[in-house]
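Okay, here's what each chain looks like letter by letter:
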Amino acid sequence: EPQNAFEEKKEFKKKKKRGGGFQSYNLSNFLFRAVMAKGYKLPTPIQRKVIPTVLEGQNIVAMARTGSGKTGAFLIPMMEKLKCHSQIVGARCVILSPTREIAMQTASFFKAFNKFSNLRYALLVGGNEMETQFEKLAQNPDVIIATPGRLMHHINEVGLSLNMVEIAIYDEADRIFEMGFAEQIVTINNKMPKNKQILLFSATIP
């Protein structure tokens, strides 16, 4: 137990050091604990720039290569904003990935950060059973992680609505466009509210 103000200061400094900078974002306890449990020590440069900006509600275009900590850079502030599962029907966040592998990787990060929360997600990618995807969507996910083609399929086939989306995240946007998804992206974007927050991550920005 700290004996005096000086000791207390030391104790606080130690705590701050232990929290490794993630403390300064005032994250909810459930998220901070999950970030620490995932073994994150200090925010990477992209996380330092992106997290506070997203929490302020701004749209961003971020240039970040794979391995720079970009998945954490968008998942951490997004989950802080959504906090917990909402009974209101309709996903509040859509994360678009260029490939099935990247989407699956994002989903596994999401699960780790969701360790102490009850946010729900649906992973919509090719090669996964449609039945399972319908079941996940029926559980009213807060977050949809998808490839553009498969998301379009759900929009066209079952009339999946995106009109509750508050945050749209385009991961590896350069690859999404290179792979010829531009038209689908425009359609998907138009199905979401105009006043949503947009986070765009790209390895190269022409």
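Everything numeric in this text was worked out from a predicted model, so none of it was measured. (Residues numbered from 1 in each chain as written. Predicted model: local features only at pLDDT ≥ 70, side-chain atom pairs only at ≥ 80, totals over all residues. Heavy atoms only, no water.)

## Examining the overall build of the protein chain
This is how it is decided: A run of H or I in DSSP counts as a helix once it spans at least four residues, and a run of E counts as a strand once it spans at least two, with each numbered from the N terminus. Relative accessible area decides the class of each residue, using a 1.4 Å probe on protein chains only: under 20% of the type maximum gives buried, over 50% gives exposed, and in between gives partly exposed. Between two residues, a contact is recorded if the distance between any of their heavy atoms is within 4.5 Å. For every accessible area listed, the method is Shrake-Rupley and the probe measures 1.4 Å; residues are considered covered only by the protein chains on display.
Assigned secondary structure in the protein chain consists of 9 helices and 6 strands. Taken over 206 residues, the protein chain has a buried fraction of 48%. Across the protein chain, the fraction of contacts at a sequence separation of at least 24, relative to all contacts at a separation of at least 6, is 70%. Within the structure as shown, the protein chain displays about 10900 Å² of accessible surface, and the carbon and sulfur contribution to it stands at 53%.

## Here we look at the sheet that holds strand S1 (residues 60–63)
Rules: Here, a strand pair is defined by DSSP locating no fewer than two bridges between the strands. Here an angle of 0 to 180 degrees is reported between the N-to-C directions of two axes, which are lines fitted to C-alpha atoms, with helices fitted over the stretch in contact.
As summarised here, the arrangement of the 6 strands in space is S1-S6-S5-S2-S4-S3, forming an open sheet in which the pairing is parallel. At either margin of the open sheet sits one strand with a lone partner, and together these are S1 and strand S3 (121–124). The sheet shows a mean angle of 10° between the axes of neighbouring strands, direction not considered. As defined by bridge partners, strand S2 (residues 93–96) adjoins strand S4 (residues 143–146) across 4 bridges and the pair is classed as parallel. Paired with leucine 96 across the strands is alanine 146, a residue of S4. Lying on the sheet, helix H3 (residues 45–55) is in contact with S1 and strand S6 (197–202); it crosses S1 at an angle near 170°.

## Digging into the confidence of the model for the protein chain
The test is simple: pLDDT runs from 0 to 100 and stands for how confident the predictor is about each residue.
Mean pLDDT over the protein chain stands at 90; residues scoring 70 or higher make up 90%. Note on residues 11–19: pLDDT under 50 across the span, and 7 contacts to partners over four residues away in sequence or across chains.

## Remarks on a nonpolar patch on the surface
The condition that has to hold: Note that patches include only residues with greater than 30% relative accessible area and no salt bridge, and the join distances are 9 Å for like charges and 5 Å for nonpolar side chains (Val, Leu, Ile, Met, Phe, Trp, Tyr). Whenever Lys or Arg places a side-chain nitrogen within 4 Å of a carboxyl oxygen from Asp or Glu, that contact is recorded as a salt bridge.
A surface patch of nonpolar side chains, amounting to about 300 Å² of accessible area, comprises Val61, Met63 and Ile205. Counting through the fold element by element, methionine 63 comes out in strand S1. According to the relative accessible area criterion, methionine 63 is exposed, its value standing at 52%.

## Focus: the environment of lysine 49
Within the fold, lysine 49 resides in helix H3. Between the alpha carbons of lysine 49 and alanine 62 there is a distance of 9.0 Å; along the sequence they are 13 residues apart.

## So, the nonpolar core
Rules: Nonpolar cores were defined as sets of buried Ala, Val, Leu, Ile, Met, Phe, Trp, Tyr and Cys residues, with membership established by side-chain atoms within 4.5 Å.
Of all hydrophobic cores here, the largest spans 39 residues; its most connected members are Met78 and Phe201. Per element, the largest residue contribution to this core is 7 residues, and it comes from helix H4 (residues 70–82). With residues near it in sequence (within four places) discarded, phenylalanine 201 still touches Ile46, Val50, Ile60, Ala62, Ala64, Lys70, Ala73, Phe74, Tyr170, Asp171, Glu172 and Ala173. Leu96, Ala146, Ile188 and Met192 belong to the second largest nonpolar core, which has 22 residues in total.

## Details of the pairing of S2
Along S2, one buried face is formed by Cys93 and Ile95 and the opposite face, lined by Val94 and Leu96, is buried too. Of the pairings in the sheet, the one linking S2 to strand S5 (residues 167–170) comprises 4 bridges and is parallel in character. Bridging from a neighbouring strand, isoleucine 95 pairs with isoleucine 169 of S5.

## Describing the packing of H4 against helix H5 (residues 100–113)
Rules: Here the word oblique covers every angle except those under 35 degrees (roughly parallel), over 145 (roughly antiparallel) and from 65 to 115 (roughly perpendicular). A clockwise turn of the near helix away from the far one marks a right-handed crossing, whereas an anticlockwise turn of less than a right angle marks a left-handed crossing. Nonpolar residues are Ala, Val, Leu, Ile, Met, Phe, Trp, Tyr, Cys and Pro. Charged residues are Asp, Glu, Lys and Arg, and all others, Gly as well, are polar.
The geometry of H4 relative to H5 is characterised by a closest axis approach of 10 Å and an angle of 45° between their N-to-C directions. Considered as vectors, H4 and H5 are oriented oblique to each other. Considering the relative orientation of H4 and H5, their crossing is right-handed. Mapping the contact onto sequence places Thr71, Gly72, Phe74, Leu75, Ile76, Met78 and Met79 in H4 and Thr106, Phe109, Phe110 and Phe113 in H5. Broken down by class, the residue content of the contact of H4 with H5 amounts to 8 nonpolar, 3 polar and no charged.

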